[in-house]
Amino acid sequence: MRRDSVALVAGLRAADLGRGGQHPKVGPLRVADLLHEWVHHDRNHIRQMLANLQTVAWPHMGNAQRFSAP
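As the structure is a computational prediction, the values presented were derived from the model and not from experiment.

## Some remarks on the overall build of the protein chain
Piece 1. When helices and strands are tallied, the protein chain shows 2 helices and 2 strands.
Piece 2. For 70 residues, the compact-globule estimate of 2.2 N^0.38 gives 11 Å, and the protein chain exceeds it by more than 25% at 19 Å.
Piece 3. Its C-alpha atoms give the protein chain principal-axis dimensions of about 55 × 25 × 20 Å.
Piece 4. A buried classification covers 4% of the 70 residues belonging to the protein chain.
Piece 5. As displayed, the protein chain has an accessible area near 6,500 Å², and 62% of this comes from carbon and sulfur atoms.

Structural data, given as structure tokens:
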């Protein structure tokens, strides 16, 4: 699915970025708005993955936890 999305984005022209429509919950949306949301959305997933990994590692860090303690 990601490969298809990348191909779709690669095929966009500058004029396509201003095209849009009306979303029933959030109102007007342009193609450019959605592209920016994709970046935000992906970054949020990366943040979630990091938090999960930190949770797994924390109990095994011993006194090294003091490097990260507030």
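## Focus: the pairing of strand β2 (residues 27-30)
Successive residues of a regular strand alternate their side chains across the two faces of the sheet.
Piece 1. Relative to β2, strand β1 (residues 20-23) runs antiparallel, the two being bridged by 4 bridges. Bridging from a neighbouring strand, Q22 pairs with P28 of β2.
Piece 2. A loop of 3 residues connects β1 with β2, the two strands running antiparallel in sequence.

## Some points on the layout of surface pockets
Piece 1. Estimated volume of the largest pocket: approximately 240 Å³.
Piece 2. As for the largest pocket, its lining consists of M1, R2, S5, V6, V9, L35, W38, V39, H41 and D42.
Piece 3. Among the secondary structure elements, those contributing two or more residues to the lining of the largest pocket are α1 (2-10) and α2 (31-57).
Piece 4. In terms of residues, the lining of the largest pocket owes the most to one element, α2, which gives 5 residues.
Piece 5. Tallied by class, the residues present in the lining of the largest pocket amount to 6 nonpolar, 2 polar and 2 charged.

## A short note on the pattern of salt bridges
Piece 1. This structure, assessed with the given rule, holds 3 salt bridges.
Piece 2. Here R13 makes a salt bridge to D16, at a shortest N to O gap of 3.3 Å.
Piece 3. Between D33 and R30 there is a salt bridge, with the nearest N and O atoms lying 2.9 Å from each other.
Piece 4. Owing to a relative accessible area of 40%, R30 belongs among the partly exposed residues under this scheme.

## Regarding the environment of A32
Piece 1. For A32, the position within the fold is in helix α2.
Piece 2. Each C-alpha atom of the pair A32 and D16 lies 8.3 Å from the other, and the pair is 16 residues apart in sequence.

Rules used throughout
- Residues numbered from 1 in each chain as written.
- Predicted model: local features only at pLDDT ≥ 70, side-chain atom pairs only at ≥ 80, totals over all residues.
- Heavy atoms only, no water.
- Helix = DSSP H or I, 4+ residues; strand = E, 2+ residues; numbered from the N terminus.
- Rg over C-alpha atoms; globule rule 2.2 N^0.38 Å.
- Buried < 20%, exposed > 50% of the residue type's maximum accessible area, 1.4 Å probe, protein only.
- Areas by Shrake-Rupley, 256 points an atom, 1.4 Å probe, with all protein chains shown as cover.
- Pairing = 2+ DSSP bridges.
- 1 Å grid on protein atoms, 1.4 Å probe; cavity = no way out; pocket = protein on both sides within 12 Å on 5 of 7 lines; lining within 4 Å.
- Points joined across faces, edges and corners; volume = space filled by probe spheres on them.
- Nonpolar A, V, L, I, M, F, W, Y, C, P; charged D, E, K, R; others polar.
- Salt bridge = Lys/Arg side-chain N within 4 Å of Asp/Glu carboxyl O.

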